[in-house]
Amino acid sequence: MPTFDDILEQIGEFNRFQKQTFFVLSLLSATFTPIYVGVVFFGFTPEHRCFSPGVAELSRRCGWSLAEQLNHTVPEWGGHGAAFGSRCRRYDVDWNATGLSCTDPLGSLAGNRSSVPLSPCQDGWLYDYPGTSLVTEFNLVCEDSWKLDLFQSSVNAGFFIGSINIGYIADRFGRKFCLLSTFLANVVCGILLVFVPSYLWIVIFRFLQGLVSKGCWTAGYILVTEVVGPQYRRTVGILYQTAFSVGLLVFDAIAYAIPHWRWLQLTVTLPSCFFLLLHWFLPESPRWLISQGKNDEAKKIVNDIAKKNRKKIPSHFEDTKFEDDDEGGKQSPSLIDLVRTPQMRKNTFILMYNWFTSSVLYQGLIMHMGLAGGNIYLDFLYSALVEFPAAFIIIVTIDRVGRRYPWAAANMVAGAACLVTALIPADIHWLKLIAACLGRMGITMAFEMVCFVNTELYPTYIRNLGVMVCSALCDVGGIVVPFIVYRLVEVWHELPLVVFTVLGLIAGGLVLLLPETKGRVLPETVEDVENFHRQSAPKDKKIYLHVQTSEVARD
C-alpha cells in the first residue's frame, strides 16, 4: 500500500503547490511577532520623573533650562539609569511658595538638600517620550511596575494553557479548521484590545490572544511540513520560523513610524484580517485526512497538488488506498513513560530545561534591550537581523556536523555573550550591542534546534506527548522572565544578564549529555531510546525520513 510520501515523489515534493502554501503560511508566522515580543514597544518604559505642581511655573520664572530644572527639583537626578528616588519620589515642597531662590531653591527652604523630606508621586509622572505606551497611559512604574510583568506573563500563560487544547482541536477537527478558527479569534481579541479602557481588560484580552495564537502558529507549522516531501521537511520548518524573524523587522519599522501603542496594535492587527481571505489557497493536510480514514478527500487534494504542480499521477496509484504510516501509534502513551527508564528520564529533564532556558534567554534579551538606553528601534533591528545567519548556520551544520555540538555551542555562546555584555561599560554602547547580538544569535539557534531534536529523542508512540510536555517549559519560562528582567534590573541593571549567563552555560553542558541523532533511525520503542547511545549511525537516509513523516503528522 502506498504512503503519501510515495505519491509526493511522483507529483512533486516542493513544487508550485507547496511553495504557494508555504508562502501563505509564512505570512501567518510573521503575524505572530507582535504577540510574542510586542511588550518591547507596547510596554516601553521611557525615562520618567514625578510631576510636581508649580515646578514648571518656577522654571519659567527663573529661566532654567531643562537640565537645570531637573537638577534643582528632582531627587538624585542623573539621567538614564538614575536611582529609584529620581523616578519614584519627589521633594515634599510647595513649589508655588514665594521666596524660593532661583539659584538654590531647596537651600532657601531647608539649608541642606538632604534634609528635605521626600514623598511618593501623588500627582502622576512626566515621561520623556513623544508617543504613548501601556506604561505611560496607565503609569505602570514604581510601585505599579509589576503590572507590566503581568501583562507579558499573561500572554505566556495563555500559550501554556492553549497549546494543549489547540493541539487537540488540530488532531480532532483538522489543521485548516484549527488554523483559521484560532486566527480569527486572535484577530478579534487584537482589535478589542485597542478599544478597552482599563488595564484589567487589556490583560484579559492579552491572555486570550495567547490562548489561541501559539496554537495557531503551531498549526501552521504542522500544515506546512505535512504537505512537502521528507527531504524538504526540516528546511521548510526552519524557514517557517525564519518568517517570524522577517516579522520582527516589519514590526520594528511599524513601531518606529507609529509610537502610540493603541494605533500600533490596530495597525499590526487589521492586515491580519486579509489573511482570512486566503483560506481558499490553504489545503487541509492530506496526512491528517489519511489518518482519519478520509481517503476520498485526501485523493482530491492529491489531484489538486498534481494539477498545480503540472504532474501526472501514475496509473498504478490512481485506484489504490493510502495507508496511515503511523504504525507506532498502536501503543498507548503515558506520562510515566517519559521518566520510566534512565535514558528517557535523562532526555526528558535535559529537554525540559533547554526549552525553559531558550525561552528565558530569547525573550529576556529582547526585554533587556528595551531597557538598555540606546535607540530602541535600531537595537531591535540589529538584534533581529542576526536571526537570519542563525537559521543559515543551522541548515548548513545539522546534516554535516550533527545536532549535539552546534546546539551545545549555541547555548554556550549565548551564555558567554550575556556575561560579556554585562561587563562592558555602559558608555561603550556599540560594543555592548555587538555582544548582545551574538547572544541573540546563539539563543535563536538553540531555540530552533530544540524544536526538532526533541522529536528525534522519543519513540514514535510517545513522540507527540514528549514534545508537548517538554515544550510546556518554554511557556513557563515566558511567564517568569518578565519578573526576572524587570525586577532584577532594579537591583543592578546587568543582573538579569548574569542570570542568563548561568542558565545558558548549564544548558550547553547538559546538551553534551544527550546522544547524537544525526543520520540515525528515529526510535520506535523505549528500548530503542535506551540503546540509542550504542547504535551505529545507519546510512539509509530514506528510512530515516520515512519515519520522520509519521512524527510530523502527529505534531
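All values derive from a computational prediction rather than experimental measurement. (Residues numbered from 1 in each chain as written. Predicted model: local features only at pLDDT ≥ 70, side-chain atom pairs only at ≥ 80, totals over all residues. Heavy atoms only, no water.)

### Remarks on the side chain of Thr 21
Argument step 1. Tracing the chain through its elements places Thr 21 in helix H2 (residues 16-31).
Argument step 2. Excluding anything up to four places from it in sequence, Thr 21 contacts Val 227, Phe 281, Leu 282 and Pro 283. (Helix = DSSP H or I, 4+ residues; strand = E, 2+ residues; numbered from the N terminus. Contact = heavy atoms within 4.5 Å.)

### Structural notes on the packing of helix H13 (residues 230-257) against helix H14 (residues 261-269)
Argument step 1. Packing of H13 against H14 leaves a shortest axis separation of 10 Å and a crossing angle of 140 degrees. Of the possible angle classes, the one that applies to H13 and H14 is oblique. Crossing of H13 against H14: the hand is right-handed. Contact residues: Phe 251, Ile 254 and Ala 255 in H13; Leu 264, Thr 267 and Val 268 in H14.
Argument step 2. Tallied by class, residues from the contact of H13 with H14 come to five nonpolar, one polar and no charged. (Axes fitted to C-alpha atoms, helices over the stretch in contact; angles between N-to-C directions. Parallel < 35°, antiparallel > 145°, perpendicular 65-115°, else oblique. Left-handed = near helix turned anticlockwise from the far one by under 90°. Nonpolar A, V, L, I, M, F, W, Y, C, P; charged D, E, K, R; others polar.)

### Structural notes on the confidence of the model for the protein
For any part of a model where pLDDT is low, the fine detail of the predicted coordinates should not be relied upon.
Argument step 1. Residues with a pLDDT of 70 or more make up 88% of the protein, whose mean pLDDT is 84.
Argument step 2. Averaged pLDDT values for the elements of the protein fall to 36 in helix H27 (residues 541-554) and rise to 96 in helix H25 (residues 495-511).
Argument step 3. Residue range residues 536-555 is modelled with pLDDT below 50. Its contacts to residues more than four positions away, or to other chains, number 56 contacts. (pLDDT = per-residue confidence, 0-100.)

### A look at unusual backbone geometry
Argument step 1. Even without being glycine, Cys 142 reaches a positive phi, approximately 55 degrees.
Argument step 2. Counting through the fold element by element, Cys 142 comes out in the loop between helix H9 (134-138) and helix H10 (146-173).
Argument step 3. Residues other than glycine seldom take positive phi values, yet Arg 310 does so here, at roughly 60 degrees.

### Things to note about the state of the cysteines
Argument step 1. This model, assessed by the stated rule, comprises three disulfides.
Argument step 2. Paired by a disulfide, Cys 50 and Cys 121 hold their sulfur atoms 1.6 Å apart. Looking down the S-S bond of the Cys 50 and Cys 121 bridge, the torsion is -40 degrees, so its handedness is left-handed. Placement of Cys 50 in strand S1 (residues 48-50) and of Cys 121 in the loop between strand S3 (118-120) and strand S4 (125-127) is noted, with a sequence separation of 71 residues between them. Like Cys 50, the residue Cys 121 is buried in the burial classification.
Argument step 3. Across the disulfide from Cys 62 sits Cys 102; the S-S distance is 2.0 Å. The sign of the S-S torsion, about -70 degrees, decides the handedness of the disulfide formed by Cys 62 and Cys 102: left-handed. In this pair, Cys 62 sits in helix H5 (residues 55-62) while Cys 102 sits in the loop between strand S2 (89-91) and helix H8 (107-110), placing the two residues 40 residues apart along the sequence.
Argument step 4. Classification of Cys 62 by relative accessible area gives buried; the value is 18%.
Argument step 5. The partly exposed category is assigned to Cys 102, whose relative accessible area is 27%.
Argument step 6. Listing the disulfide partners of the protein by sequence rank of the bonded cysteines yields 1-5, 2-4, 3-6.
Argument step 7. Cys 474 takes part in no disulfide bond, and the closest cysteine sulfur, belonging to Cys 451, lies 7.9 Å away. (Disulfide = S-S within 2.5 Å. Buried < 20%, exposed > 50% of the residue type's maximum accessible area, 1.4 Å probe, protein only.)

### Things to note about the environment of Ile 393
Argument step 1. In this fold, Ile 393 is placed in helix H21 (residues 387-397).
Argument step 2. Owing to a relative accessible area of 29%, Ile 393 belongs among the partly exposed residues under this scheme.
Argument step 3. Sequence-wise, Ile 393 and Pro 406 are 13 residues apart; in three dimensions their C-alpha atoms are separated by 9.0 Å.

### A look at the environment of Arg 175
Argument step 1. Mapped onto the fold, Arg 175 is located in helix H11 (residues 175-195).
Argument step 2. Considering only alpha carbons, one finds Arg 175 and Thr 218, 43 residues apart in sequence, at a separation of 9.6 Å.

### Thoughts on the side chain of Lys 214
Argument step 1. Mapped onto the fold, Lys 214 is located in helix H12 (residues 199-226).
Argument step 2. Judged by its relative accessible area of 16%, Lys 214 is buried.
Argument step 3. Discounting chain neighbours no more than four positions away, the residues touching Lys 214 are Phe 32, Phe 159, Ser 163, Ser 471 and Asp 475.

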